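# Tertiary structure, described
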Amino acid sequence: VAFIGLGTMGEGMVANLVGAGIAVKAWNRTAARAEALGDRLARDLPDAAPYAVAGSPATAAEEVDAVLLCVSNDDAVARIVFGEDGVAGSLGPGMLLVDHGTTGLEMTARLDAVARERGATFLDAPITGSKLGAASGRLTFMVGGPGAAVERFGPLFAAMGRHAVHVGDTVGLGQRAKYCLNMSQAVVLQGVLEGYALARSSGVSVAKMAEILEHSAGKTGVGSFKTPYLLRGDFEPHFRLDLMAKDLRLAAALAEQVGVVLPLSRAATAVYDRAESAGLGDRDFLATAKLLEQDGASRLRDDE
Ligand SMILES: NC(=O)c1ccc[n+]([C@@H]2O[C@H](COP(=O)([O-])OP(=O)(O)OC[C@H]3O[C@@H](n4cnc5c(N)ncnc54)[C@H](OP(=O)(O)O)[C@@H]3O)[C@@H](O)[C@H]2O)c1
């Protein structure tokens, strides 16, 4: 397969593909990152399937069965697919084009159209599981597109993840599900952080509050995962805040399109817009906690 985009997610996904015996031709905008991954794979996985670095997205996509994309946003997808040396020209009959990024619906339709034009099949298969899930092969996929292609892609899903949900045969349903998932996670995490902010500022420690949440119906996956990082003051990105802001905007556009009013999501989107303006875009999305501190909450670390 060809794999385009060796960021936080792509790096782990590629390691799991070659570890499962699937040869990969990779391309990344910053070539040094692709070379460094090759060095790491040679050191850590000497028995893995071949990994090669291609000179362009187009050459990566030559003579492969599937082309997998995992880049930041629509502009990046446009560049790697429709750019001068993009993968579009290398697609051919019988091939699969799969987008694992969280991408807009218009761009998703364009990817489907170009795949069809060239006799290939497109699946939108965005992911969840964050950096650790990608590294450990525990991703969940939300997939839109024809069932036969989903079945054919099964071994690749199995190499990179634990669970693939075929949302439906219509392209774009995977992306719609992904926007809803991330919108829920952003709202839930913001709720947990605001609970911590009020607790700490009124004399209850974050650690005590976290212990109570863990043993109550207020326990959440995203809250339980992020709290230890908050307590350590560790905002290194597992999922960048600017990417979550992008996903909230995608969800807001979808809500408007279908005529649904979502008051908490609207408020969360405004929080993320402010966090981006405050220069927190390249931090983990947990960093909206810093805005609460700026707005007057006590520091959300018990030791300070
Ligand atoms: N991290 C998560 O937890 C997570 C979870 C689920 C879904 N996602 C989605 O998965 C996608 C990738 O996320 P990530 O966390 O891996 O992002 P990331 O760590 O920021 O990596 C982004 C990747 O996109 C490439 N890229 C960015 N702009 C580009 C451009 N204009 N042309 C070509 N390549 C470009 C980057 O190349 P360089 O190395 O050159 O910068 C890098 O390979 C996003 O759609 C994100 O929303 C992420």
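Up top is the structure these notes are about.
A brief look at the structure comes next. Every value quoted in this text rests on a predicted model; they were computed, and no experiment measured them. (Residues numbered from 1 in each chain as written. Predicted model: local features only at pLDDT ≥ 70, side-chain atom pairs only at ≥ 80, totals over all residues. Heavy atoms only, no water.)

### As for the pairing of strand β5 (residues 96–99)
Neither face of β5 is open: one carries Leu96 and Val98, the other Leu97 and Asp99, and all of them are buried. Taken together, the 4 bridges between strand β4 (residues 66–69) and β5 define a ladder with parallel strand orientation. Bridged to Ala66 within β5 is Leu96. After leaving β4, the chain enters helix α4 (residues 74–82) and then returns to the sheet as β5, a path that is right-handed. With 4 bridges joining them, β5 and strand β6 (residues 121–124) adopt parallel strand pairing. Bridged to Val98 within β6 is Leu123. The β-α-β motif built from β5, the intervening helix α5 (residues 105–117) and the parallel element β6 has right-handed crossover chirality. (Buried < 20%, exposed > 50% of the residue type's maximum accessible area, 1.4 Å probe, protein only. Helix = DSSP H or I, 4+ residues; strand = E, 2+ residues; numbered from the N terminus. Pairing = 2+ DSSP bridges. Right-handed = clockwise from strand over helix to strand, strands pointing away.)

### Quick look at the packing of aromatic side chains
Applying the stated rule across the entire model yields 4 aromatic pairs. Here the aromatic rings of Phe141 and Phe157 are separated by 4.6 Å at their centres, their planes lie at 55°, and the arrangement is tilted. Of this pair, Phe141 sits in strand β8 (residues 139–144) while Phe157 sits in helix α8 (residues 154–160); the two residues are 16 residues apart in sequence, bridging distant segments of the chain. A connected cluster of aromatic rings, assembled from ring pairs, spans Phe141, Phe153 and Phe157. Positioned above the aromatic ring of Phe82, the side-chain terminus of Arg110 is 4.1 Å from the ring centre. For the cation-ring pair, Arg232 lies above Tyr229, with the distance from its terminal atom to the ring centre recorded as 4.7 Å. (Phe/Tyr/Trp six-rings, centres within 6.5 Å; stacked < 30°, edge-to-face > 60°. Lys NZ or Arg CZ within 6 Å of the ring centre and 35° of its normal.)

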